[in-house]
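# Observations on the three-dimensional arrangement
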Amino acid sequence: MSIRLSTIWSWLALAVVLIWTLLPLYWFLKNSLLTPDEIARFPPPLYPLEPTPAAFFNIFGLDYEMADGIVRRGSGQANQIIRGLGNSLIVSAVVTVVTLFVVLPLAYVFARLDFPHKNKLLFAILLAVALPPVSTLIPFYAMYVRLGLSGTLVGLIIVTLTITIPFVTWMLIGYFRNLPQVERLARIDGFSRFETFLKIIVPQGRSGVAVAAVIAFLFSWNEYTYALMLVNGTTANTLPTAISGFLFQHPEPSHLAAAVALTMVPPALVAFFLQRHIAEMNLVDPVR
Amino acid sequence: MKLRVTAMAVTGALMLMSGAALAEGGLEAQSGETVFFRGWQYKTDIVQDNVDRYNNEQGGNVDYATVTGDYPAIMEQNLMAGAELDVLYANPSQAGRYFDGGWIMPAEALPNIDAIKADMYPNILDAWSYKGQLLGLSYFVSTRGVMHVNLKKYYELGYSDADFPADWDALYDQLYEMRDKGLDQPFLPHWINEWYGISWAFDFEVMNRGGQVAHPDTHEPLLTTDADGAAYKTLEDWKRIWNDGLVPEEVLTYNESSYIDAYASGRYVFSPQQLYDLETFNREDRSQIAGHASLLPYQGQSWGLLDSAVYLMTSRERSDGHTDDVKRFASWYGYQDQTGNVFVGNRWMQESMLFSGYKSVMESEAAAERMKSALAREQDIQAVLGVYAATPYPKGIWSVVWAEEFNSWLKETLQEFVQDDGDIVETIEAINEEIADLNKKYGL
Amino acid sequence: MRAAQRTAELSNLQFSLLLALPVLVFLLLVVAYPLGYALWMSLHEISFFGGYKAVFVGVEHFADVIGDRKFKKSLWVTVRFTLESVALAMVAGLLIALVLNRKMRFAGLVRTIVILPWCISLYGTGVIFSYLAKGQTGIGTAIAYALGIEEAVNVVNKQWVIEVLAVGNAWNMAPLVAFFLLANLKTIPSRLYDLAAIDRMSRLETFLNVTLPPLRFTLFVFTCITTVLSMKLFDFIFVLSGGGPGTASATLTYRIYKESFKDLDLGYGAAMSFMLLALILGTTLILYGLWGRREARSI
């Protein structure tokens, strides 16, 4: 009897979790299948009455002919969407790689070795986690105007690194600290410190490294604040700023919803990858 | 001295030459450089199609994209930064500031400027001129804040056209009548959260009531605090309808998109909207009030304000050949194409009933036909033209360098006034003070 | 071999510097430089318009910020928003973690679904919650009408807008919390639960005595992380409410954005930024002093 009760409870809890997660998503993404006429309806429809995939064609600049012969024209923002997709992929890939190169040795050193002034240096890095983007935005903006970096991918990449590096360092320190203490054994086997790090620690901690990569990817893929100010309306426009143009004088909520769905595809793919590895992570206090 | 004269002569000759080249070579792009064209989001498929036509027929290399967020602020930063930007949309209130910043090249630089000016209505030419120069070419002209009425709901409540309110006072009185008839929120005010939202709502209501925010030439503050003054009555009525719950609170967080969708859903009777959106609201595939979207006619008091936009050319560093291409494209896009047709202007009239600053667009047969088909009723054409003809332009606060600074300050001040039940006299005095401060800041 | 030996003889400090120095220099460039620049700006009156000018004004901006009525209001909005966001994100994160920790079919699929909110940009989250909560498009309105109550249900108002923002923010952050808590839950040996069953502990007692203790440290770390993320948050608020209605949801980040980017008052905005930075660091240190230090010791 009590087993049955607890089963009911756990199913109920699962249902609550799924509703919490999916309801907001559903409520917005259903717009991608609505016609402009249905979107203008009040009260808002609970579900698409005549679902149409037109918006998914339109955002790539393709016309779509509806069953009643009305043609839904391709969006004039298609160029931006496509360019934004490319730029976002470039920025995210570069940021991810650079972040890993920078962060792996740093986190390793802080996690495994003792040396003077370690905590002070560590604190300086963690301070960077606390920096609000709106605060560094001003200096970056003023600086970029003078250096000619505003509206460039390089500029955006540099600025995104200021978010990913401190955060991922924080995560990886805890992870590296929990790995088995193998340095001494490795040194007896004749490995140099560099070799120990590259050939033993990194492979051993690869799931942590993978997760760090995914997190860096997500942070830069979703970055909007810097992009809004630094590359909006330029050829270095990223996807989040490109899609933000659908809600203005000629509202296209269905296009926006379709575009948001599109932006979810790469993260959803990595999420599938992430969920297997992240359960193996163990984060503990980076400042002892 | 002699050197300067020579330099001027050389510059003049160069300008003549480039003008001649433009005239000879027509509007075909020649430098092979990319021309960057930026604007806010409005029917981007049409814009892209226009640009494609130029690129195909005139060998152009024009790159079009939209800029989102706080458009004036972001554009200003792009201009300041000398970003890749050649032709852009702007409201006249921004154009003057950009000109003072030295970031734009006035339309006077075009070789066919005399023909362009001759085709423009004098009042529009005046609105778009700053310090004696025409700044840009016509994108659209409209009355923003024309009072839309949803006839279906209006008739259901037992009213007829004869009951149409003649001015703001009468309108507010009618809202209370409607509430007594069971409609709690009949009015969707222009208090939205765009940069032109609640601040413009104040600007136009003051002008409609016969007031002036600032002097058109000296820009000194003109609002008065007496209880019969336009500003006082405006704020008094705002306070009243807000405190009595006649206004849906969420309108303060609306963007343009939500504002249009909310009115198109048919929930409201009155809303000050864009004149050309009569076409949008009368479209079956976009609106729940298609065939019922009408407007209050001019009955002695104007409605809204003259909202317009121009295509500006930037003055960023480019080669002369590149700059000539910018001029060619701007001229093709903002005035006549290679066949002498105001292609883009006419197309906007046909697509969305956007009015133009050019007589050749507005006075054509096609324009008359289009207006007829876009409106709910035959007599609405007269109402549209009547309201449009009487629309005021706030030169005092727009044709001035601090226009957008004041606008953004006013937006926040008014939002707080409404929400925190602010003091009317104090608010008016604060507005006057802000204008005086801005005048001092820029030495006006 | 000789080379390897020589490397092995490097002291910890030398090796650490060798690995960390390039990184530290990079961080210095990308973090410390803008920070210094911001400090410089906060002490100057800067005007871009009509030619770039910067006039030294000392601590005038800081004094002005402290006396600024709008700043005080924003400070309170930020605190309220952060408290609610963190509490919600931690509770939701814990619940999700407990659910995911159960053995079930399609566990991989469920885990992928549950992590989706974290994969959406804050711009997307802003739009999603704006559609969900506003009276015109909201789910509350749709349900009210379906039940025959003909009234729009709008929660993006002066009274509730901060709660709407907090829920959206928590929705976005909860999966991150959940997955790290899950990692900890996996380390609890199942025999502890068997022992608890023998001791006839109630479900609540089992939760408090067996499940919670190993989670406490992660809970502390993520309370810090969610606090910092919430106080820094800008894009989501910008999209959902634009600081409104009025200034009801104008957090410090929104206020800084407005001062710096719309009014081009860079010095004043920078001064305000330092206030926010102090708030973030201060809160984190207090959390560490009151809670983290204890948890760190008990590990």
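Structure report, in brief. Just so it is clear, the model here is predicted, and its values are computed rather than measured.

## Concerning empty space enclosed by the protein
The full count for this structure, using the stated rule, is 16 cavities of 30 Å³ or more. A volume near 500 Å³ is recorded for the second largest cavity. As for the second largest cavity, its lining consists of 26 residues, and the residues nearest its centre are Ile163 and Phe219 of chain A together with Leu122, Leu229 and Leu233 of chain C. Counting residues per element, the ones that place at least two in the lining of the second largest cavity are α5 (118-130), α7 (153-178) and α10 (206-221) of chain A together with α8 (161-185) and α10 (203-232) of chain C. Across the lining of the second largest cavity, the residue classes break down as 17 nonpolar, six polar and three charged.

## Observations regarding helix α9 (residues 198-208) of chain B
Residues and elements named next belong to chain B. Of all 11 residues making up α9, 11 are buried, and the element is well covered by its neighbours. When α9 is considered as a whole, its buried residues turn out to be Ile198, Ser199, Trp200, Ala201, Phe202, Asp203, Phe204, Glu205, Val206, Met207 and Asn208. Gly210 sits one or two positions beyond α9 and adopts a positive phi of about 90°.

## Details of the packing of aromatic side chains
Taken as a whole and assessed by the stated rule, the structure comprises 60 aromatic pairs over all chains. Geometrically, the ring pair formed by Tyr54 of chain B and Phe329 of chain B is edge-to-face, given 5.1 Å between the ring centres and 65° between the ring planes. Separated by 275 residues along the polypeptide, Tyr54 of chain B in helix α2 (residues 44-57) and Phe329 of chain B in helix α13 (residues 320-334) bring together distant segments of the chain. Each ring, one from Trp332 of chain B and one from Tyr333 of chain B, has its centre 6.5 Å from the other, and the planes form 40°; the classification is tilted. Neither residue differs from the other here; Trp332 of chain B and Tyr333 of chain B are each classed as buried. Positioned above the aromatic ring of Phe42 of chain A is the side chain of Arg267 of chain B, whose terminal nitrogen or guanidinium carbon lies 4.0 Å from the ring centre.

## So, the packing of helix α5 (residues 107-115) of chain C against α8 of chain C
All names here are of chain C. Where α5 contacts α8, the axes come no closer than 9 Å and their chain directions differ by 140°. Comparing the axis directions of α5 and α8 gives the class oblique. Together, Arg111, Val114 and Ile115 of α5 and Pro175, Phe179 and Leu182 of α8 make up the contact between the two elements. Tallied by class, the residues present in the contact of α5 with α8 amount to five nonpolar, no polar and one charged.

## Focus on the interface of chain B and chain A
Each partner contributes residues to the interface: chain B has 42 residues there, and chain A has 35 residues. Looking only at chain B, the three residues that lose the most surface to chain A are Gln41, Thr68 and Arg286 of chain B, adding up to 20% of its buried area. Counting across the interface, chain B meets chain A through four salt bridges. Here Glu351 of chain B ties to Arg73 of chain A by a salt bridge, and the two come within 3.4 Å at their closest N and O atoms. One can count nine residue pairs in polar contact (both at pLDDT 80 or more) joining chain B with chain A. Of all elements in the fold, only β1 (35-39), α2, β2 (62-66), α3 (71-80) and α11 (256-264) of chain B reach the threshold of two or more residues within the side of chain B that touches chain A. With five residues, the single largest contributor to the side of chain B that touches chain A is α11 of chain B.

## Some thoughts on the environment of Trp291 of chain C
Residue and element names in this part refer to chain C. Mapped onto the fold, Trp291 is located in helix α13 (residues 266-298). Given a relative accessible area of 24%, Trp291 falls into the partly exposed group. It is 21 Å that separates the C-alpha atoms of Trp291 and Leu185, two residues lying 106 residues apart in sequence.

## Describing a negative patch on the surface
All names here are of chain B. Negative charge collects at one region of the surface, where Asp423, Glu426, Glu429, Glu433 and Asp437 lie side by side. Tracing the sequence through the fold places Glu433 in helix α20 (residues 424-441). A relative accessible area of 53% means that Glu433 is categorised as exposed.

## Some words on the nonpolar core
One recurring pattern in soluble globular proteins is that nonpolar side chains are buried together. Counting 338 residues, the largest nonpolar core has Phe37, Trp191 and Phe270 of chain B as the members making the most contacts within it. In terms of residue count, α8 of chain C provides more of this core than any other element does, 15 residues in total.

## With respect to the side chain of Asp277 of chain B
Residue and element names in this part refer to chain B. Looking at the secondary structure, you find Asp277 in helix α12 (residues 277-281). Salt bridges are absent for the buried Asp277, whose nearest opposite-charge side chain, Arg144, sits at 5.8 Å. Of note is the side chain of Asp277, whose polar atom sits 2.8 Å from the side chain of Thr280. Among all residues touching Asp277, those that are not within four sequence positions of it are His148, Glu256 and Ile260.

## Thoughts on the pattern of salt bridges
Residues and elements named next belong to chain B. If you walk through the whole model with that rule in mind, you get 38 salt bridges over all chains. Across the pair Lys131 and Asp100 runs a salt bridge whose closest N-O atoms are separated by 2.9 Å. Taken together, the positions of Lys131 in the loop between β5 (129-130) and β6 (133-134) and Asp100 in helix α4 (residues 92-100) put the pair 31 residues apart, joining distant regions of the chain. Residue class for Asp100 comes out partly exposed when judged on its relative accessible area of 27%. Note that Asp285 is salt-bridged to Arg283, the shortest N-O span being 3.3 Å. Each of Asp169, Glu205, Arg209, Lys233, Asp237 and Arg240 takes part in a single network of salt bridges with overlapping partners.

## Some thoughts on the layout of surface pockets
Within this model, the largest pocket holds a volume of roughly 1,400 Å³. The wall of the largest pocket is formed by 36 residues, among which Ser6 and Ser10 of chain A together with Leu98, Arg102 and Arg203 of chain C lie closest to the centre. Where the lining of the largest pocket is concerned, the elements lending two or more residues are α1 (2-29) of chain A together with α4 (69-101), α5, α9 (190-198) and α10 of chain C. For the lining of the largest pocket, the residue count by class is 22 nonpolar, seven polar and seven charged.

## Focus: helix α19 (residues 403-419) of chain B
Residue and element names in this part refer to chain B. Compared with an ideal rise of 1.5 Å per residue, which puts 17 residues at 24 Å, α19 spans 24 Å between its outermost C-alpha atoms and is within 8% of the ideal. Within α19, 17 of the 17 residues are buried, which leaves the element mostly enclosed by the surrounding structure. The positive-phi residue at the C-terminal boundary of α19 is Asp421, with phi of around 55°.

## Things to note about the interface of chain C and chain A
The interface is formed by 100 residues belonging to chain C together with 91 residues belonging to chain A. Linking chain C to chain A there are zero salt bridges. Our count for the chain C to chain A interface comes out at seven residue pairs in polar contact (both at pLDDT 80 or more). Of the residues forming the side of chain C that touches chain A, the biggest block, 19 residues, is contributed by helix α2 (residues 12-42) of chain C. Classifying every residue of the side of chain C that touches chain A by side-chain character gives 76 nonpolar, 18 polar and six charged.

## Some points on the packing of α2 of chain B against helix α14 (residues 343-352) of chain B
All names here are of chain B. Their axes nearest at 12 Å, the elements α2 and α14 cross at an angle of 150°. Taken together, the axis directions place α2 and α14 in an arrangement best described as roughly antiparallel. Between α2 and α14 lies a crossing whose hand is right-handed. Contact with α2, carried on its side by Ile46, Val47, Asp49, Asn50 and Arg53, involves Phe343, Val344, Arg347, Trp348 and Glu351 of α14 and no other residues of that element. A per-class count over the contact of α2 with α14 returns five nonpolar, one polar and four charged.

Quick notes on the rules
- Residues numbered from 1 in each chain as written.
- Chains lettered and ligands numbered in written order.
- Predicted model: local features only at pLDDT ≥ 70, side-chain atom pairs only at ≥ 80, totals over all residues.
- Heavy atoms only, no water.
- 1 Å grid on protein atoms, 1.4 Å probe; cavity = no way out; pocket = protein on both sides within 12 Å on 5 of 7 lines; lining within 4 Å.
- Points joined across faces, edges and corners; volume = space filled by probe spheres on them.
- Helix = DSSP H or I, 4+ residues; strand = E, 2+ residues; numbered from the N terminus.
- Nonpolar A, V, L, I, M, F, W, Y, C, P; charged D, E, K, R; others polar.
- Buried < 20%, exposed > 50% of the residue type's maximum accessible area, 1.4 Å probe, protein only.
- Phe/Tyr/Trp six-rings, centres within 6.5 Å; stacked < 30°, edge-to-face > 60°.
- Lys NZ or Arg CZ within 6 Å of the ring centre and 35° of its normal.
- Axes fitted to C-alpha atoms, helices over the stretch in contact; angles between N-to-C directions.
- Parallel < 35°, antiparallel > 145°, perpendicular 65-115°, else oblique.
- Contact = heavy atoms within 4.5 Å.
- Buried area = accessible area lost by both parts, 1.4 Å probe.
- Salt bridge = Lys/Arg side-chain N within 4 Å of Asp/Glu carboxyl O.
- Polar contact = N/O pair within 3.5 Å; in protein donor to acceptor, adjacent residues only side chain to side chain.
- Patch = residues over 30% accessible without salt bridge, like charges linked within 9 Å, V, L, I, M, F, W, Y side chains within 5 Å.
- Areas by Shrake-Rupley, 256 points an atom, 1.4 Å probe, with all protein chains shown as cover.
- Lys, Arg positive; Asp, Glu negative; His and termini not counted.
- Charge placed at Lys NZ, Arg CZ, Asp CG, Glu CD.
- Core = buried A, V, L, I, M, F, W, Y, C linked by side-chain atoms within 4.5 Å.
- Expected span 1.5 Å × (residues − 1).
- Left-handed = near helix turned anticlockwise from the far one by under 90°.

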